[in-house]
Structures are given as C-alpha cells and as structure tokens.
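The chain contents come next:
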Amino acid sequence: MGTPDSKPAVENSSANVKPGAHSTAATLPAPDESQIPAKAKQHNIHVSSAVLEAAGKDGDDLLRLLQTTSVGLTQSEAESRARAVGPNEVAQERQRGWFLSLLIIIRNPLVILLAVLSSISFATGDPRAGSVMAGMIALSVTLRFLQEARAGAAAAKLKAMIHVTATVVRDGKPQEIPLRDLVPGDIIDLSAGDMIPGDVRILSAKDLFVSQGTLTGESLPVEKFHDADPHAANAPVELKNTCFMGTSVQSGTATAVVVVTGVRTYLGTMASSITQEETPTSFDQGLSRFTWLMIRIRLSNAPCSCFAFSVALDQ
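My aim in this report is to walk through the structure given alongside it, one point at a time.

The rules we used
Chains are numbered independently. Their residues run from 1 in the order of the written sequence. With pLDDT at 70 or above as the cut-off, local features in this predicted model cover only qualifying residues; side-chain atom pairs require 80 or more to be listed or tallied, and sums for whole chains, interfaces and linings still use all residues. Side-chain metrics rest on all non-hydrogen atoms present in the structure, leaving aside hydrogens and water. Only DSSP runs of H or I reaching four residues or more are called helices, and only runs of E reaching two or more are called strands; each is numbered from the N terminus. Contacts between residues were defined by any pair of non-hydrogen atoms, one from each residue, lying within 4.5 Å. In short, Shrake-Rupley with a 1.4 Å probe defines the accessible areas, and a residue's cover is counted only from the protein chains shown. Multiplying one less than the number of residues by 1.5 Å gives the expected span of a helix. Each residue gets one of three labels from its accessible area relative to the maximum for its type: buried under 20%, exposed over 50%, partly exposed in between, using a 1.4 Å probe on protein chains only. Distance and chemistry together define a polar contact, namely a pair of N or O atoms within 3.5 Å, with one atom able to donate a hydrogen and the other to accept it when in protein, and with adjacent residues in sequence counting only for side-chain atoms on both sides. Residues belong to one nonpolar core when they are buried, are Ala, Val, Leu, Ile, Met, Phe, Trp, Tyr or Cys, and are joined through side-chain atoms within 4.5 Å. Ring geometry is summarised as follows: Phe, Tyr and Trp rings, the Trp one being its six-membered ring, pair when their centres sit within 6.5 Å, and such pairs are stacked at plane angles under 30 degrees, edge-to-face over 60 and tilted between the two. Think of a salt bridge as a Lys or Arg side-chain nitrogen and an Asp or Glu carboxyl oxygen that are within 4 Å of each other. Strand pairing is assigned whenever DSSP detects at least two bridges linking the two strands.

## As for the overall build of the protein chain
Working step 1: Scanning the protein chain from N- to C-terminus turns up 12 helices and seven strands.
Working step 2: Taking the contacts inside the protein chain whose residues are at least 6 apart along the sequence as the reference set, 66% of them involve residues at least 24 apart.
Working step 3: Total accessible area on the protein chain stands at roughly 19900 Å², and carbon and sulfur atoms take up 58% of it.

Encoded structure:
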C-alpha cells in the first residue's frame, strides 16, 4: 500500500506487488519541484508550429502560406526577410570583452578566499604571507586568462575555415550562398551529400533518403516524400515530407522550401536549451560553502578590527 501522499502512478505500480513482498516503489518520495532549476523547467525542445502547418499543406497552398513562388524569392525580398528573422544560425555565440572575462575568472571562490586572506595578512602585520598569496592570485588569474584567450582565438580560426553553402533559387536562378544567409521561403535543391540547411518541406523528391540519426538516433536513412501529411502533429520528428536542420541527404535528389531557420528550427531549440547558463552543481555549491567557511574561520582569529567585516559576511 502506498502512503496517502503517493502519486496515482505509484499506487498502480505497487498494486502488482505480491502479498508479503516489500514494496519500495510506494515509499519513494515525490520529487520536490522547488529544487529543480528554473531554467531547466523552461527548456522547450519542439518542432515549430509553422513546420507542422506546412506539412499538412499541398502544392500551391504551401507556397502561398510561405509567401513564395516555385522560382524562389527575389534578392531584395530575401534581404528583407533576413533582416526580420536574423541569420540562419542555431546558436549565436555571445562575444565577451576582456574585462568581463577577467571579472568571471576573479569571481572564482578560491580566488576570493586567497584575496581575503591576503588582505587580512597585510592588515595584521604579516606582509610576507600576504605577498605570497597575492602572487598566487596574480599567477593563477593571468594563466587562466591567457589560456582562455588562446583557446578562443584557435576556435575562431577553425570556425573561419569552415564554409557551408546551400543551392538556393533566387530570382529564378540557382546559386550557392552561405548557410547563414538562408531565409524562410527560399527554394533549395538537395542532392546526395548535402546538409539540410533548415527545417524544410519537400516539394518534389526522387529516391530521397535522409540520414537523421543526429536527431532521432536512427541508424538507417529514412525515405522522404513530397505528399501532404494531414496527421503531422502525431509524430513531428518522423514527418515523411519534412527534413530537419542538422540531418543530411544520403541519396537521391529533391526540391524543398525552407519553412523556418536558425533558433526556430528543431535543432535550434535543442541548441538553445544546451547553451543556456548552467546551474551550479553540488560540487560548486559545496566549494562555495567551504570558501566562506574558511573566510569566517580566518576572520574569527583576526583582531577585533575585522569584526564588522565578519558580521557583514554572516548577513
């Protein structure tokens, strides 16, 4: 028997236990949602509603929905849409200035501890110990700052070496453009080896097989068709007439229209949830508590002139 506070699912699972057997499922406490990080609750990986609506449309209705034509957008219209929706990037990296990077490094609990202990040593007439700890702080912060700067520069050089393009029909003519310049409504041509540049709806296909293991874990390629799917909402990721950003064409050819780009794609929602600021782990919280404990202990052994600072820490 479960406790009165048990969830209905727990009661059902305990009902199958043989008489005399000890039920552990019924005694499991319900998860405390107050302990779940707020940002974790906001993670929302989903297929865009625009993609689901486009999957159910057919032919001219689909093109009218996306305000485009079978010969693609004009260059001026594409530039206008690019300004409205932004670049076709799943995660836009935020560049931090050197001052902010240095401030984040200094915010480390151990650096704060050494800084406080060094200040107390100078204040209590022990300049040798204070100088040693100040030197440790300067050396640690400098090395970490230089390492992060070099790693960032190396990553930027590698990123600049990668140029991914897509075959897009603009002004009635196919042309190769950078992936980031793609906009909703663009008509694209796909062939074997091509990366899917956004969440796209297939207009025509011939023996098209797409590898989408990066999103679904499937080991085998999936065949795609151009027919409308009236039951698109049942299994969005398994749509037979839709290809998702991050997948690739295994074989065959197709013509498709771009429905959504960038952070609004299925892959974009995944990237946004992953790149959000991480919540402190148990180790980080424990290290922070240990740091402040050491500061309080050191202040308790300091002269009375440090008493006010200790009181401020306790508050």
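Additional details are given in the paragraphs that follow.
## A short note on helix α7 (residues 109–123)
Working step 1: The end-to-end C-alpha separation of α7 is 21 Å, in line with the 21 Å expected for 15 residues at 1.5 Å each.
Working step 2: Those residues of α7 that fall on the buried side of the exposure criterion are V111, L113, V116, L117, S118, I120 and S121.
Working step 3: The N-cap residue of α7 is N108: its side-chain oxygen and the backbone nitrogen of L110 are 2.9 Å apart.
Working step 4: Of the residues one or two after α7, G125 is the one with positive phi, at around 80°.

## Describing the nonpolar core
Working step 1: Core analysis: the largest hydrophobic core is formed by 18 residues, its most contacted members being V47, V51, L239, F244, V259 and Y266.
Working step 2: Counting residues per element, the ones that place at least two in this core are α3 (49–55), α4 (60–65) and β7 (248–260).
Working step 3: Here V47 is in contact with L52, P236, V237, F244 and Y266, once residues within four sequence places are set aside.
Working step 4: Counting 17 residues, the second largest nonpolar core, distinct from the first, contains A166, I188, V200 and L208.

## Examining the packing of aromatic side chains
Working step 1: Here the structure, examined in full by the defined rule, presents two aromatic pairs.
Working step 2: Summarising the aromatic geometry, the rings of W98 and F99 are spaced 6.0 Å apart at their centres and angled 90° between planes, so their arrangement reads as edge-to-face. Each of the two residues, W98 as well as F99, counts as exposed.

## Observations concerning the pattern of salt bridges
Working step 1: In this structure the tally under the stated criterion is five salt bridges.
Working step 2: Close ionic contact of R64 with D61 constitutes a salt bridge, the shortest N to O distance being 2.3 Å. Of this pair, R64 and D61 both sit in helix α4, three residues apart, which is roughly one turn of that helix.
Working step 3: With a shortest N-O distance of 2.9 Å, D186 and R170 are connected by a salt bridge. Of this pair, D186 sits in the loop between β2 (173–178) and β3 (187–190) while R170 sits in strand β1 (residues 165–170), placing them 16 residues apart in sequence.
Working step 4: D186 gets classed as buried once you look at its relative accessible area, which sits at 0%.

## Regarding unusual backbone geometry
Working step 1: Positioned with a positive phi, Q67 is a non-glycine residue whose angle comes to about 55°.
Working step 2: With respect to the element layout, Q67 can be found in the loop between α4 and α5 (75–85).
Working step 3: Even without glycine at this site, D171 takes up a positive phi of about 55°.
Working step 4: Mapped onto the elements of the fold, D171 is located in the loop between β1 and β2.
Working step 5: Looking at D171, the relative accessible area reads 47%, which means it is partly exposed.

## So, the pairing of β1
If a strand is regular, its side chains alternate between the two faces of the sheet.
Working step 1: Summarising the sheet, β1 and β2 pair through six bridges and their orientation is antiparallel. In the sheet register, T167 faces β2, and the bridge partner there is E176.
Working step 2: What sits between the antiparallel neighbours β1 and β2 is a turn of two residues, in which D171 has the positive phi angle 55°.
Working step 3: As paired elements, β1 and β3 share three bridges and run antiparallel to each other. The partner of V169 across the bridge, within β3, is I187.

## Describing the pairing of β7
Working step 1: In terms of strand pairing, β3 meets β7 through four bridges, oriented antiparallel. Paired with I187 across the bridge in β7 is V257.
Working step 2: With 10 bridges connecting them, strand β4 (residues 199–211) and β7 associate as antiparallel partners. Bridge pairing in β7 links R201 to V257.

Any functional reading would require information that these geometric values do not contain.
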